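Reading the structure
Residue strings, one per chain:
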Amino acid sequence: MIPIARPQMGEDEKQRVWEAMASGSLAQGPRVAELEERFAEFIGVGHAVATSSGTTALHLALLGYGVGEGDEVITVPFTFIASANSVLYTGARPVFVDVDERDFTMAVDQVGAAITPRTKAIMPVSLYGQPADLVAIDEIAARHGLAVVEDAAQAHGAAIGERKSGSWGAGTFSFYPTKNMTTGEGGMITTDDAGLAGRVRLLREHGMKVRYHHDVVGYNFRMTDLAAAIGLAQLPKLPGFNDRRRTIAGRYDAELRGVITPVVRAGVWHVYHQYTIRVHDRDAFAERLKERGVGSAIYYPIPVHRQKPFVALGYGDQRHPVTDRLTHQVLSIPVHPSLSDDEVATVIGAVNETAAELGPLEAATVG
Ligand SMILES: Cc1ncc(COP(=O)(O)O)c(C=O)c1O
């Protein structure tokens, strides 16, 4: 079976983790500081703050902008639940706008109507490795005095023009094993705002600048040096990993038939955390791919507003028609950098044969 993801662990990773273990620096230490410095340089921002996960990065970034009880944060329901949960953790309320059918990211034309006097921040999600329309979102945010927290958990190295995801307002990344680079578990906040960086550092460490002198109620959201050691081995490989993902995506774009392939906006550098197609009879499609030896995954089968905790909070009656439609159509196929050319050919053959058997998506359901 060709898996949907395959983390790349090599000798560099082993060596660096071993060195970290031998050094005795196991919790947050010099390797975390080095990874922060290198990641900030990679994204092209002044500051990067490492965290224990992408979820804690989101949570801290919101807290760093002062988001809390009574506030609203505009985000999307077509995402991993952590985006919206992080808003709930602060005591604020997520306000969902739908996504754009073409690129699966925040429908910018719906943001204006969602802004209220309680709105504090906009949280676009750069889903599957394509940046949301951050230029437009940043402009709206500036006009209304709102913070931008980009959930770039899936967009390491993605860019609009020369400007990378993670360089508007605050960007948050995940280093979960399936991501374009990993630290096992881990995350990162990137920003040019020195004040924000200072606040999230303080909150990450129990509100402590001087040992055992606590200025505010904080958290332990630290990354370990063992995790950072993996990240230091991965980061130099990230551009190569992304290039390979893009090459495979290019073959899929050219050779897949009978399915809807991803739309990439002009001037955008997509890093294909996922290559997500839209298909007819999706669950049967996935089953037939499996029979043909090709793994696939559904990101995500249930929109956030229809997940149980959100239904309990009263979101269940909301209508986000594009999101609702996409959750029945999307299927991600393997695009990870370790796929061989033969495996890529197998995936293409399996998708095309399955699409021929099950038929195309009806025009009426494409929207
Ligand atoms: C869009 C999105 N947001 C947030 C997260 C949370 O990251 P983590 O799993 O590292 O907490 C993920 C990771 O799965 C994600 O894909």
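Up top you'll find the structure we're talking about.
Below is a short write-up of the structure.

Across the sheet, which stays open at both edges, the 3 strands sit in the order β7-β6-β12 with antiparallel pairing between neighbours. In this open sheet, the two edge strands, each paired with only one partner strand, are β7 (163-164) and β12 (268-269). Of the strand pairs in this sheet, strand β6 (residues 159-160) and β7 are connected by 2 bridges, and their pairing is antiparallel. Bridging across to β7, alanine 159 finds its partner in lysine 164.

Time to look at the sheet that holds strand β1 (residues 47-51). Across the sheet, which stays open at both edges, the 7 strands sit in the order β1-β9-β8-β5-β4-β2-β3 with mixed pairing between neighbours. Edge positions in the sheet fall to β1 and β3 (93-96), since each has one partner strand and no second. When strand polarity is set aside, the average angle formed by the axes of neighbouring strands in this sheet is 25°. Summarising the sheet, strand β8 (residues 170-174) and strand β9 (residues 187-191) pair through 5 bridges and their orientation is antiparallel. Note on β9: the bridge partner recorded for alanine 170 is threonine 191.

Take the layout of surface pockets next. Space inside the largest pocket adds up to approximately 420 Å³. Along the wall of the largest pocket there are 24 residues; nearest its centre are Phe80, Ser174, Tyr176, Lys179 and Tyr300. When contributions to the lining of the largest pocket are tallied by element, the ones reaching two or more residues are α3 (54-64) and α4 (82-89). By residue number, the principal contributor to the lining of the largest pocket is α3, which donates 3 residues. Here the second largest pocket defines a volume of roughly 310 Å³.

Turning next to unusual backbone geometry. Residue tyrosine 300 is bonded to the preceding tyrosine 299 through a cis peptide linkage, with omega at 10°. Along the polypeptide, tyrosine 300 turns up in the loop between α10 (282-291) and α11 (308-312). With a phi close to 55°, aspartate 281 is a non-glycine residue in the positive phi region. Among the secondary structure elements, aspartate 281 is positioned in the loop between β13 (275-278) and α10.

Attention shifts here to the site of the ligand. Around the ligand, the structure places 16 residues, and the nearest of them are Gly54, Thr55, Asp151, Ser174 and Lys179. Here an oxygen atom of the ligand sits 2.5 Å away from a polar atom, N or O, in the side chain of threonine 55. At 2.7 Å from a nitrogen atom of the ligand is found a side-chain nitrogen or oxygen belonging to aspartate 151. Its free accessible area being 390 Å², the ligand has 92% of it covered by the protein chains. When atoms are counted within 2 Å of each cavity's grid points, the one that captures over half of the ligand is the largest pocket. Broken down by secondary-structure element, the contributors of at least two residues to the shell around the ligand are α3 and α4. With 3 residues, α3 is the single largest residue contributor to the shell around the ligand. Residues belonging to the shell around the ligand are distributed by class as follows: 6 nonpolar, 8 polar and 2 charged.

Our next topic: the packing of helix α1 (residues 11-23) against helix α8 (residues 225-234). Where α1 meets α8, the axes come as close as 8 Å, and the angle between the chain directions of the two elements is 150°. Of the possible angle classes, the one that applies to α1 and α8 is roughly antiparallel. Like other packed secondary-structure pairs, α1 and α8 cross with a definite hand, here right-handed. Counting all contacts with α1, which are made through Asp12, Glu13, Arg16, Val17, Ala20 and Met21, the residues of α8 involved are Asp225, Leu226, Ala229, Ile230, Leu232, Ala233 and Gln234. Split by residue class, the contact of α1 with α8 holds 8 nonpolar, 1 polar and 4 charged.

Conventions we followed
- Residues numbered from 1 in each chain as written.
- Predicted model: local features only at pLDDT ≥ 70, side-chain atom pairs only at ≥ 80, totals over all residues.
- Heavy atoms only, no water.
- Pairing = 2+ DSSP bridges.
- Helix = DSSP H or I, 4+ residues; strand = E, 2+ residues; numbered from the N terminus.
- Axes fitted to C-alpha atoms, helices over the stretch in contact; angles between N-to-C directions.
- 1 Å grid on protein atoms, 1.4 Å probe; cavity = no way out; pocket = protein on both sides within 12 Å on 5 of 7 lines; lining within 4 Å.
- Points joined across faces, edges and corners; volume = space filled by probe spheres on them.
- Near = heavy atom within 4 Å.
- Polar contact = N/O pair within 3.5 Å; in protein donor to acceptor, adjacent residues only side chain to side chain.
- Areas by Shrake-Rupley, 256 points an atom, 1.4 Å probe, with all protein chains shown as cover.
- Sits in = over half its atoms within 2 Å of the grid points.
- Nonpolar A, V, L, I, M, F, W, Y, C, P; charged D, E, K, R; others polar.
- Parallel < 35°, antiparallel > 145°, perpendicular 65-115°, else oblique.
- Left-handed = near helix turned anticlockwise from the far one by under 90°.
- Contact = heavy atoms within 4.5 Å.

Everything listed here is a matter of coordinates, which is why it stays silent on function.
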